[in-house]
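# Report on the structure
Below, each chain spelled out in residue letters.
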Amino acid sequence: MTGERLSDGVVTLRPWRHDDAPAVFEACQDPEIPRFVPIPQPYTLGDARWFVDHAAAGARTGPSAHFAITDPATDAVLGAISRHGPVGHRASIGYWLAPAARGRGLATRAVRLLVAVTFGTTPTVRLEISTDLANERSGRVALRAGFQPEGIRRAWDIDRVGTPTDAMFYVTVRPA
Ligand SMILES: CC(C)(COP(=O)(O)OP(=O)(O)OC[C@H]1O[C@@H](n2cnc3c(N)ncnc32)[C@H](O)[C@@H]1OP(=O)(O)O)[C@@H](O)C(=O)NCCC(=O)NCCS
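Scope of this entry: the structure provided in the associated data block. (Residues numbered from 1 in each chain as written. Predicted model: local features only at pLDDT ≥ 70, side-chain atom pairs only at ≥ 80, totals over all residues. Heavy atoms only, no water.)

A few words now on the site of the ligand. Close to the ligand lie 21 residues; Y95, G103, T108, N135 and R140 are nearest. Within the side chain of N135, a nitrogen or oxygen atom sits 2.7 Å from an oxygen atom of the ligand. A distance of 3.3 Å is found between an oxygen atom of the ligand and a side-chain nitrogen or oxygen belonging to R144. When isolated, the ligand has an accessible area of 940 Å², and the protein chains bury 73% of it. Elements with a minimum of two residues in the shell around the ligand: α2 (32-36), β5 (90-97), α4 (106-121), β6 (126-132) and α5 (136-144). It is α5 that contributes the most residues to the shell around the ligand, five residues altogether. The residue makeup of the shell around the ligand, split by class, is eight nonpolar, seven polar and six charged. (Near = heavy atom within 4 Å. Polar contact = N/O pair within 3.5 Å; in protein donor to acceptor, adjacent residues only side chain to side chain. Areas by Shrake-Rupley, 256 points an atom, 1.4 Å probe, with all protein chains shown as cover. Helix = DSSP H or I, 4+ residues; strand = E, 2+ residues; numbered from the N terminus. Nonpolar A, V, L, I, M, F, W, Y, C, P; charged D, E, K, R; others polar.)

Here it is as structure tokens:
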């Protein structure tokens, strides 16, 4: 996927660049992102630089894929989406949007693009999204993108203060 850009005309997924770090830093000051995504706290510009550089390098070597979600007209960073894996036939997707980009269906569009490219270019059969049970907004993204609710996995994650948390799993399977 090196250098690849994916777009539906409303959102573009493109590789991360070093100069995206300030936009990532600014977006990740929103408390909803560290509430549901395991990023360092406090989140510094150095953390953002580390993220964009490692995401770009990781996407080059695979199998995971990491993209900036951007505005096709301005190239501004709107959010982030990653596919972890595939490892064997399984992979998972995670994402966040900057606060100003929410409420317009952009995360759903980004997930649909990544699902299509994943089934089109990798041997993935089972693709999952897991969300904190409290993260109803993210669950609605998964449902709108065509994932099926599969069930709750107890104590799937451990939060920042060491408490086990339950996760809801949403799954889509490669069409036969
Ligand atoms: C999870 C997150 C990406 C969802 O963002 P979002 O803006 O709700 O998702 P979308 O971009 O798909 O937008 C969907 C919303 O826009 C609305 N919308 C408005 N116009 C729309 C359109 N043309 N098409 C689709 N939806 C539209 C939808 O009704 C929906 O709102 P609703 O869920 O209240 O009904 C965002 O809340 C976030 O970044 N949270 C913090 C990080 C996080 O939780 N990441 C996920 C970890 S599992």
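As a further point, take the sheet that holds strand β8 (residues 164-173). Read from one edge of the open sheet, eight strands run β1-β2-β3-β4-β5-β6-β8-β7, paired in mixed fashion. The open sheet has two edge strands with one neighbour each: β1 (6-7) and β7 (148-158). Sheet topology note: the β1/strand β2 (residues 12-14) ladder contains two bridges and is antiparallel. Bridged to L6 within β2 is L13. (Pairing = 2+ DSSP bridges.)

One finds L13, I69, I81, I93, V111, I129 and F147 to be the most contacted residues of the largest nonpolar core, which totals 30 residues. Mapped onto this core, the elements with two or more residues apiece are β3 (65-70), β4 (77-87), β5, α4, β6, α5 and β8. Top contributing element to this core by residue count: α4, with nine residues. The contacts of I69, once residues within four sequence positions are left out, are V11, T12, L13, A76, V77, L78, G79, A80, I81, W96, L97 and A110. Judged by nonpolar contacts, the second largest core, of 17 residues, contains I33, A55, A56 and V77. (Core = buried A, V, L, I, M, F, W, Y, C linked by side-chain atoms within 4.5 Å. Buried < 20%, exposed > 50% of the residue type's maximum accessible area, 1.4 Å probe, protein only. Contact = heavy atoms within 4.5 Å.)

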